[in-house]
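# Working through the structure, step by step
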Amino acid sequence: MVPRETSRTASTAVAPEPAWADRTITLDENGAVTSIGAGAEALLGFLPGEAVGCRLADAVTPQARPRLLTTTPPDDERTVSELRAAQARLLAAQERQAAVTRHSTLVSILCGSLTEPSTFLAGSEVLGYEADAILPGGFLGLVHPDDHASASTFIGAVRAGHSDRDEARDLRVRAADGSFRVFETTAEDLSHVPAVSGVLIRGLDVTIDRARTRELEDRTVQMRTLIDNLGAAVLLEDHNRRVLVTNSAFAEMFRIPAAPDALVGADCANAAETVRDMFTDGDGFVASVTDAVTDFVPRLSERLELVDGGMLERDYLPILNGTRAAGHLWVYRDITRQIVETQLLADQNRSLEQLAALKNEFVARVSHELRTPLTSVVSFADMLADTSAGGLTDEQATFVDIILRNARRLLRLIEDLLLVAKLESHTLPLSLGLIDLPLLVEQVVTDLTPTAMERSIVITSSATAGPRVRGDSVRLQQVVSNLVGNAIAYTPPGGRVHVDTTADEPSRQWDIRVSDTGVGIESGDLGRVFEAFFRTGGSAGSTNGTGLGLAIVRLLVEEHAGTVSVQSTPGSGTTMSVHLPMERP
């Protein structure tokens, strides 16, 4: 290339000389022109852009070289300083650009093929590599082995022109420390550009974003599973009343012919109007929905009657993000069956109460009618047994003894029946007072010691001091007497019965425990020992009781706001326990 000095016209020769700043020439390290101002082009005889890419030493003719050496105006020494300042600014800009490129969050890699050595163009710091680092294994050497197939397919599609430059793919890329990060990767084929001649791969680190996305997806699945298995119809709306989440139960309840996922995004602003005909008070239903979202306050257990006779129960909960309205949660439950069952149970309870009242009345009347003649029988039998009225033969005395024994047994049974009837109907009057419980128990043990001795049973007791108990002393004596008598009856000769009375201050209660070494109770019978007329199969001897003793114990203890319990091991013995509240200090 030769400057075209001979082609210049006269007008060109007389044209005003361009400004000094327009006479700048920039060379690369090989001396080739990378940029040249219009003034320099005019001075050296180049057409616009003609000198770019040429070596300056070759392009400038001998005739033009004196002009190249004398272009600095002698009267403007500032131009040299300005040029140096411009060069300094250019250098700083280049360094700044290099730093920005190196620290860019967008990783750029230039590669020929997937396995050929590749070069970082930008963002090397993101992965911990040096700037301009060469990747001997190529881009594929950075990719996780499990993602090799995906990366190869993706880059192959880019080279073949089958992939849009904006199409992205997630690939796991190895950092300098050996860890893998997820990069959203795009690629552009620049093989047709001589200065590039390769595929430009760009990647953005989305590791944290993808982890958050997975966590959100997991939570969404968990919430979906929870909502689908709640057993209630659920609708979650955003603050604009558009569906965020719902479930199959909701679609079925309101006869919506769509899957729950298909309802996401639907506008619920007028949804109440579309289902108002389902309710006996359609206007009230629509108004209640409007009032709920307007007032933005919780509304719980609202009942809505359906035209088909059913009943729904609704909860509304406003959703707040701090103080900002974030949505609405509706939960509907079909309680039709629950109401029917509740009503049926109430009817059954009333029937049972009436039946119990009739039973108690019958027992009371029958017992009263039997007690009067039995009392007469016992009285006359006692008279017959009285030897002062005349002697009886041995046979007559035996008959009288049998009459007395069975009549007294029937009389005890009748008394117990009457007591149970009064306790179950809560009509038994109690004479309440403060009782020294250890003393009361000791008196009962003393009274029953002769009975135990007759059966060769050792009976002992122990007690701790404590506050008094408010109760009926006669009835509590009956409780302890029934328990100790039952223990003696079911303990074989040579056995032991122990009565322990303990004040449990932390629990504010008295514990009376009657333990024996008797035959014990089978585990299947433990839950029934306090039922009326229930008797265990095992017996240590003749136990001709009424079968009401322990039932009376339970009912009397409950009248004193206490509880009873039992522990037993067949063949080893039984412990009956009574727990009574202490008098308040």
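The structure displayed is predicted, hence computed values, not measured ones.

### Quick notes on the confidence of the model for the chain
Across the chain, the average pLDDT comes to 82, with 86% of residues at or above 70. Taken together, the stretch residues 1-18 has pLDDT below 50 and engages in 26 contacts with residues farther than four places along the chain or on a different chain.

### Section: the packing of aromatic side chains
Aromatic ring pairs: the centre-centre distance and the angle between the two ring planes describe each pair. Counted according to the given criterion, the structure contains five aromatic pairs. Ring plane angle 45° and centroid distance 4.9 Å describe the contact between F250 and F254, whose orientation is recorded as tilted. Residue class for F250 comes out buried when judged on its relative accessible area of 10%. A residue is classified by how much of its surface remains accessible, and F254, at 6% relative accessible area, is buried. Joined through ring pairs, the aromatic side chains of F250, F254 and Y332 make up one cluster.

### Considerations on the pattern of salt bridges
Inspection of every chain in the model, using the stated rule, returns 21 salt bridges. Here E184 makes a salt bridge to R210, at a shortest N to O gap of 3.1 Å. Note that E184 is positioned in strand β7 (residues 180-189) and R210 in helix α9 (residues 207-228), a separation of 26 residues in sequence. Its relative accessible area of 32% is what places E184 among the partly exposed residues. With a relative accessible area of 21%, R210 lands in the partly exposed category. E558 is the salt-bridge partner of R554, the closest N and O atoms lying 3.6 Å from each other. Taken together, the residues R554 and E558, both in helix α17 (residues 549-559) and four residues apart, mark about one turn of the helix.

### Section: the sheet that holds strand β20 (residues 573-581)
Taking strand neighbours across the sheet as the criterion, the five strands line up as β15-β17-β18-β20-β19 in an open arrangement whose pairing is mixed. Whereas interior strands pair on both sides, the edge strands pair on one side only; in this sheet they are β15 (458-463) and β19 (563-569). Averaged over neighbouring strand pairs, the angle between their axes works out to 15° when direction is ignored. Across eight bridges, the pairing between strand β17 (residues 496-504) and strand β18 (residues 509-516) is antiparallel. The partner of T502 across the bridge, within β18, is D511.

Thresholds, definitions, all that
Residues numbered from 1 in each chain as written. Predicted model: local features only at pLDDT ≥ 70, side-chain atom pairs only at ≥ 80, totals over all residues. Heavy atoms only, no water. pLDDT = per-residue confidence, 0-100. Contact = heavy atoms within 4.5 Å. Phe/Tyr/Trp six-rings, centres within 6.5 Å; stacked < 30°, edge-to-face > 60°. Buried < 20%, exposed > 50% of the residue type's maximum accessible area, 1.4 Å probe, protein only. Salt bridge = Lys/Arg side-chain N within 4 Å of Asp/Glu carboxyl O. Helix = DSSP H or I, 4+ residues; strand = E, 2+ residues; numbered from the N terminus. Pairing = 2+ DSSP bridges. Axes fitted to C-alpha atoms, helices over the stretch in contact; angles between N-to-C directions.

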